[in-house]
Amino acid sequence: MPKYAFITGASRGIGAAIAHELATQGYHLYLTCLTNGQRLQSLADELSQTYSVSCQCFVGDIGDYSFVERCFAKINTLDVLVNNAGISYVGLLSDMEVSDWNQVMHTNLSASFYTSKLAIPLMLKKHEGKIINISSVWGNVGASCEVAYSAAKGGINLFTKALAKELAPSNISVNALACGMIDTPMNACFSKDEIREICEEIPAGRMGSVEEVAQTISLLSKAPIYLTGQILTIDGGWC
């Protein structure tokens with residue numbers, strides 16, 4: 001039977017790596033990004049040609065429910081949902097604009113509600129499915145100057161645990177992967193010296209790669225349904 005996965009924030013970084021990984025497993029893909037439709041389409045074309053899977057692209061704000069509705073209006077079946085899209089705000093909370101706070105919350109937290117709300121009925125039809133949320137170690141311990149991001153990821157963690165209990169009777173698992181310092185464009189805001197200092201605190205001595213995150217998502221996509229409600233951590237032993 002064909003398998004289908006919906007991945008948000010898929011044009012680069014972790015999302016693109018997850019798309020590559022699931023395509024190698026034969027998943028047909030629905031991919032979203034905020035603005036870079038050309039890059040997303042190039043990725044989709046590459047995956048389609050290399051792995052003989054279909055890839056449908058959607059460009060828009062995943063934190064806007066009307067956009068998510070338009071995406072799911074074109075989807076008839078779904079096996080795996082990966083809520084990966086995320087943005088950060090680095091700075092003092094007192095300097096943060098209300099619009100910045102709202103955008104972080106909409107993208108990092110509300111979007112997972114929007115996609116899950118629309119994915120669940122598709123999974124209920126099959127009486128199975130997997131929802132995987134990309135979280136962060138900051139959702140467990142918090143980070144100075146990243147209060148909104150930490151709050152949103154903390155929300156994702158409890159969203160994951162609560163929804164897992166709700167969906168377990170329907171044979172749908174819900175898990176989250178809390179990432180540590182991963183080598184992504186999001187972390188390009190840090191200087192080389194700052195990254196070196198952070199890596200000195202990480203027992204593994206380096207940042208993680210997007211491929212390592214994608215491989216872990218692959219494991220979760222194949223894990224038994226009985227594994228649910230878990231916040232797994234990939235951080236090189238950091239936290």
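Note that the structure is predicted; figures quoted are calculated from it, not measured.

## Remarks on a nonpolar patch on the surface
Part 1 of the reasoning: On the surface, Leu93, Trp101 and Val147 cluster together to form a nonpolar patch covering roughly 250 Å² of accessible area.
Part 2 of the reasoning: Looking at where Trp101 falls in the secondary structure, it is placed in helix H4 (residues 98-126).

## Details of the pattern of salt bridges
Part 1 of the reasoning: Enumeration according to the criterion identifies 3 salt bridges in this entry.
Part 2 of the reasoning: Residue Lys126 pairs with Asp79 through a salt bridge whose shortest N-O separation is 2.6 Å. Linking Lys126 in helix H4 with Asp79 in the loop between helix H3 (65-72) and strand E4 (80-83), this pair joins segments that are 47 residues apart in sequence.
Part 3 of the reasoning: With relative accessibility at 29%, the residue Lys126 sits in the partly exposed group.
Part 4 of the reasoning: Exposure remark for Asp79: the relative accessible area of 13% places this residue in the buried category.

## Description of helix H8 (residues 210-222)
Part 1 of the reasoning: A rise of 1.5 Å per residue sets the reference length of H8, with its 13 residues, at 18 Å; its end C-alpha atoms lie 19 Å apart and thus fit the reference within 8%.
Part 2 of the reasoning: The set of residues buried in H8 consists of Val210, Val213, Ala214, Thr216, Ile217, Ser218, Leu220 and Ser221.
Part 3 of the reasoning: Buried residues along H8 sit in contact with helix H1 (13-24), strand E2 (27-33), E4, strand E5 (129-136), strand E6 (172-179) and strand E7 (231-234).

Conventions and cut-offs
- Throughout this document, residue positions are counted from 1 along each chain, in the order its sequence is written.
- With pLDDT at 70 or above as the cut-off, local features in this predicted model cover only qualifying residues; side-chain atom pairs require 80 or more to be listed or tallied, and sums for whole chains, interfaces and linings still use all residues.
- Heavy atoms from the whole structure form the basis of all side-chain values; hydrogens and water molecules are not counted.
- A patch consists of residues whose relative accessible area exceeds 30% and which take part in no salt bridge; residues with like charges are grouped when within 9 Å of each other, and nonpolar side chains (Val, Leu, Ile, Met, Phe, Trp, Tyr) when within 5 Å.
- Accessible surface is estimated by sampling points in the Shrake-Rupley manner with a 1.4 Å probe; for residues, cover comes only from the protein chains shown.
- One side-chain nitrogen of Lys or Arg within 4 Å of one carboxyl oxygen of Asp or Glu is enough to make a salt bridge.
- A run of H or I in DSSP becomes a helix once it reaches four residues, and a run of E becomes a strand once it reaches two; helices and strands are each numbered from the N terminus.
- The rule is simple: take the accessible area with a 1.4 Å probe, protein chains only, and divide by the maximum for that residue type; under 20% is buried, over 50% is exposed, in between is partly exposed.
- Multiplying one less than the number of residues by 1.5 Å gives the expected span of a helix.
- Between two residues, a contact is recorded if the distance between any of their heavy atoms is within 4.5 Å.

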